[in-house]
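# Notes for the structure review
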Amino acid sequence: MKFLVCISNVPDTTTKITFTPDNKEFNKAGVQFVINPWDEYALTRAIELKEAQGSGSVTVLNVGEADTEPNIRKALAIGADDAIRVNAAPKDAWFVAQQIAHYAKEGGYDVILMGKESIDYNGFQVHGMVGELLGIPTVAPAMKLDMSGNTATLEREIEGGKEIVEVNTPFVASCQQPMCEPRIPNMRGIMTARTKPLKVVEAVGEGAATSVAEYALPPKKQGVKLIPAENAGELIKLLRNEAKVI
Amino acid sequence: MSVLVVVECDKGEVKKSSLEVASYGAQVAQALGTTATAVAVGEATEANLAQLGEQGITKVLFDNEPRLKDFVNGAYTKLIAAAAQQEQSQVIVLANSNIGASVGSRLAVRLKASLATNVVELPKIEGGQFTVKRGAFSGKAFADMVLSGERKIIAVKKNSIEAQHNAGQTAQVEAFSAQLSDADFADAPKQVVMQDQAGGILLPEADKVVSGGRGMKGPENWHLIEELATALGAATACSKPVSDVDWRPHHEHVGQTGITVSPNLYIACGISGAIQHLAGVNSSKVIVVINKDPEAPFFKAADYGIVGDVFEVLPKLTQAVKELG
């Protein structure tokens, strides 16, 4: 079975977010980029399923410029077999989805996995768009994924619960915890990753459907009002009479 | 032409987040000089749908197909696309829920629309172009996104817009059929399992949240969190380290890699306030922090704070809430 795992390159979760002086772009200076944490679930689960099946392949795909290659190599070190980098800045979800759909179709993948969303732009869109472009089901967000032959059993999170869903390949799923324990690269993986194939291809399709006019940071808090612990009950009165939230 | 609003229903009731979405759609319709039509998904009743008039909805399309009770991506997408077609809707508004955003992304492709998810404010409308403010960087920032396509789809974040209630207004409920076939139900669930939630309040829908961190010292102490939550009518949540060690289920994990919440009141008990946790809660309207360490970074992001032992403070708070009556 052929797995395609789509990864995005995002600022590390500890990053303090700042923007360029005109507030039009994220300020990348000094920022450590990582594989999107949600995508790690997709990657590890694909590798586990391939191992369980004893055959098949896991390909990672990233839409990004050359600076994303260290994280693509990391994905190869974790256990993917080969990689595709679509050489373009990921302008928006629609742009990225077109790239994935095109190369997924070209490669004839059975299972297309990705994280539920990227932790930078938080679109939660790409999986649905890819499914729609390819005319195949999308299960999002999936907390569990098991395969038996060409049939997958997934747990899809819905507000307040979950649905057990069965779909046949090909399908798209976006992944989140507790699907698996994301793996980290070991020494052997790091060594072999250097020579695994990483193909660079050009972008296809239309441009972006949306653009960002300006970024802003959340307004700063006014400062904390401290209530002495021995008068804790006073807090509740403030929440009712001053903040008016209870 | 009208604005189409997707309302999610559960056990006959329209979800709170969908009442907000209905109000949002009605206000956009008013700005555009048109009306707002709703299309219902989930388990709905005609009487409750008619009440969407209170949020400014004129007409509700209702497909009485029983299999629409549970979320089916394929069928929901087709139903909403058919409704948009019939109503010639250039703007579709839905909730930024797992259901709304899943369907929204498929619709964006099918209807060739520009899509914005996680939207927190009404759009600025100039000519045919919308600019919407949306959450980005997992709650650490906002982005003003420009939707320039002829069709726009907006997924509204919960608790960002207040639902209007104009008592006495009713919407006209019309039977609607999208001619759904078995193929549209290919991803229908085999089984639906709902969680047992303390007090029956779901975290993603809650407007008050009581959350615990490692400072709670163990799952056996969670009754202190639950008692305060029950007294307040709040949902319970936790920090990442707590769900990582399985003191609490993962769906309660609030933060950058868990869920992002924006309740009116967020009470953090024994949570130090790592940047990843703050990202998940900093759009809450009022934040209360209880921590015995006065240097805990969370105090900098809080409106109210108590420096003290959670095991002593929590019972006092619960008692004080009960005394309010």
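Here the structure is a predicted model, which means the values were calculated and not measured.

Turning our eyes to something else, we now look at the interface of chain A and chain B. Listed as interface residues are 74 residues of chain A and, on the opposing side, 83 residues of chain B. Taking both partners together, chain A and chain B bury about 6500 Å²; carbon and sulfur atoms supply 59% of that area. Of all residues in chain A, the largest losses of buried area upon contact with chain B belong to E132(A), E159(A) and K221(A), amounting jointly to 12% of the total for that side. Along the contact surface separating chain A from chain B lie 5 salt bridges. For R106(B), the salt bridge goes to E132(A), with nearest N and O atoms at 2.8 Å. In this assembly, chain A and chain B are joined by 40 residue pairs in polar contact (both at pLDDT 80 or more). Of all the elements in the fold, those that place two or more residues in the side of chain A that touches chain B are α1 (37-53), α4 (126-134), β7 (138-148), β8 (151-158), β9 (161-168), β12 (210-216), β13 (225-226) and α6 (233-241) of chain A. Looking at the side of chain A that touches chain B residue by residue, the class counts come to 41 nonpolar, 17 polar and 16 charged. Sheet topology note: the β12(A)/strand β8 (residues 141-147) of chain B ladder contains 6 bridges and is antiparallel. Residue Y215(A) lies in a different strand from β8(B), and its bridge partner there is A143(B).

Moving on: the packing of α6(A) against helix α8 (residues 310-324) of chain B. Where α6(A) meets α8(B), the axes come as close as 8 Å, and the angle between the chain directions of the two elements is 50°. In terms of their interaxial angle, α6(A) and α8(B) are classed as oblique. Handedness of the α6(A)/α8(B) crossing: right-handed. Listed contacts from α8(B) to G233(A), L235(A), I236(A) and R240(A) of α6(A) are L317(B), A320(B), V321(B) and L324(B). A per-class count over the contact of α6(A) with α8(B) returns 6 nonpolar, 1 polar and 1 charged.

Adjacent strands of a sheet form backbone hydrogen bonds with each other and so pair up, either parallel or antiparallel. Taken in spatial order, the 10 strands line up as β11(A)-β5(A)-β4(A)-β1(A)-β6(A)-β10(A)-β7(A)-β8(A)-β9(A)-β11(B) in an open sheet, and their pairing is mixed. Looking at which strands have only one partner, the edges of the open sheet turn out to be β11 (198-201) of chain A together with β11 (189-194) of chain B. Strand-to-strand twist in this sheet, taken as the mean axis angle between neighbours without regard to direction, amounts to 30°. Summarising the sheet, β7(A) and β8(A) pair through 6 bridges and their orientation is antiparallel. Paired with L145(A) across the two strands is L154(A), which belongs to β8(A). Sheet contacts for α1(A): β1 (2-6), β4 (57-63), β6 (111-115), β7 and β10 (171-175) of chain A; angle to β1(A), the most-contacted strand, approximately 165°.

On to the domain arrangement of chain B, then. Residues and elements named next belong to chain B. You can read the domains of chain B as domain 1 (3-185) and domain 2 (198-324). Of note, the centres of domain 1 and domain 2, computed from C-alpha atoms alone, are 31 Å apart. Counting residues at the interface gives 9 residues for domain 1 and 15 residues for domain 2. Together, the buried faces of domain 1 and domain 2 total about 1000 Å²; carbon and sulfur atoms form 38% of this surface. Broken down residue by residue, the surface that domain 1 buries against domain 2 is led by S138, K140 and N159, which jointly contribute 49%. Taken together, domain 1 and domain 2 are joined by 0 salt bridges. The interface formed by domain 1 and domain 2 includes 6 residue pairs in polar contact (both at pLDDT 80 or more). Within the side of domain 1 that touches domain 2, the residues separate by chemical class into no nonpolar, 4 polar and 5 charged.

This part is about the nonpolar core. Residue and element names in this part refer to chain A. I100 and I112 are the most contacted members of the largest nonpolar core, which has 58 residues in total. A total of 8 residues in this core trace back to one element, the largest contributor, which is helix α3 (residues 93-107). Apart from residues lying up to four places away in sequence, I100 is in contact with L4, C6, L61, I112, M114, V126 and V130. Core analysis: the second largest hydrophobic core is formed by 41 residues, V60, V111, A142 and L198 among them.

Turning next to the side chain of K196(A). All names here are of chain A. Considering the arrangement of structural elements, one finds K196 in the loop between α5 (187-193) and β11. Of the side chains with opposite charge, D81 comes closest to the buried, unpaired K196, at an N-O distance of 5.4 Å. Within the local environment of K196, its side chain forms a polar contact with the backbone oxygen of L76, the two atoms lying 2.9 Å apart. Leaving out residues up to four positions away in the same chain, K196 has contacts with R73, L76, G79, A80 and D81.

Tallying each qualifying case throughout the model produces 8 aromatic pairs over all chains. Measuring from centroid to centroid gives 6.5 Å for F26(A) and F33(A), while their planes differ by 80°, and the two rings are edge-to-face. When the centroid spacing of 6.3 Å and the interplanar angle of 65° are considered together, the rings of W222(B) and W247(B) count as edge-to-face. Of this pair, W222(B) sits in helix α5 (residues 222-232) while W247(B) sits in the loop between α6 (240-244) and β14 (265-269), and the two are 25 residues apart along the sequence. Among the residues examined, W222(B) registers a relative accessible area of 1% and is labelled buried.

In this section: the pattern of salt bridges. Within the structure shown, the criterion is met by 26 salt bridges over all chains. Of the charged contacts in the structure, one is a salt bridge between R85(A) and E69(A), with a shortest N-O distance of 2.9 Å. Here R85(A) is found in strand β5 (residues 82-86), whereas its partner E69(A) is found in helix α2 (residues 69-78), with 16 residues between them in sequence. K15(B) is the partner of E8(B) in a salt bridge, and the nearest nitrogen-oxygen pair spans 3.1 Å. Taken as a pair, E8(B) and K15(B) share a single burial class, namely buried. Linked by salt bridges that have partners in common, R45(A), E48(A) and D146(A) make up one network.

Let's shift gears to unusual backbone geometry. All names here are of chain A. Here the amide bond leading from A140 into P141 is cis, since omega sits at -10°, within 30 degrees of zero. Relative to the elements of secondary structure, P141 occurs in strand β7. In this structure, the amide linkage connecting Q177 to the following residue, P178, adopts the cis form with an omega of 0°. Within the secondary structure, P178 sits in the loop between β10 and α5.

What counts, and where the lines are drawn
- Residues numbered from 1 in each chain as written.
- Chains lettered and ligands numbered in written order.
- Predicted model: local features only at pLDDT ≥ 70, side-chain atom pairs only at ≥ 80, totals over all residues.
- Heavy atoms only, no water.
- Contact = heavy atoms within 4.5 Å.
- Buried area = accessible area lost by both parts, 1.4 Å probe.
- Salt bridge = Lys/Arg side-chain N within 4 Å of Asp/Glu carboxyl O.
- Polar contact = N/O pair within 3.5 Å; in protein donor to acceptor, adjacent residues only side chain to side chain.
- Helix = DSSP H or I, 4+ residues; strand = E, 2+ residues; numbered from the N terminus.
- Nonpolar A, V, L, I, M, F, W, Y, C, P; charged D, E, K, R; others polar.
- Pairing = 2+ DSSP bridges.
- Axes fitted to C-alpha atoms, helices over the stretch in contact; angles between N-to-C directions.
- Parallel < 35°, antiparallel > 145°, perpendicular 65-115°, else oblique.
- Left-handed = near helix turned anticlockwise from the far one by under 90°.
- Domains from an automatic or database assignment.
- Core = buried A, V, L, I, M, F, W, Y, C linked by side-chain atoms within 4.5 Å.
- Buried < 20%, exposed > 50% of the residue type's maximum accessible area, 1.4 Å probe, protein only.
- Lys, Arg positive; Asp, Glu negative; His and termini not counted.
- Phe/Tyr/Trp six-rings, centres within 6.5 Å; stacked < 30°, edge-to-face > 60°.

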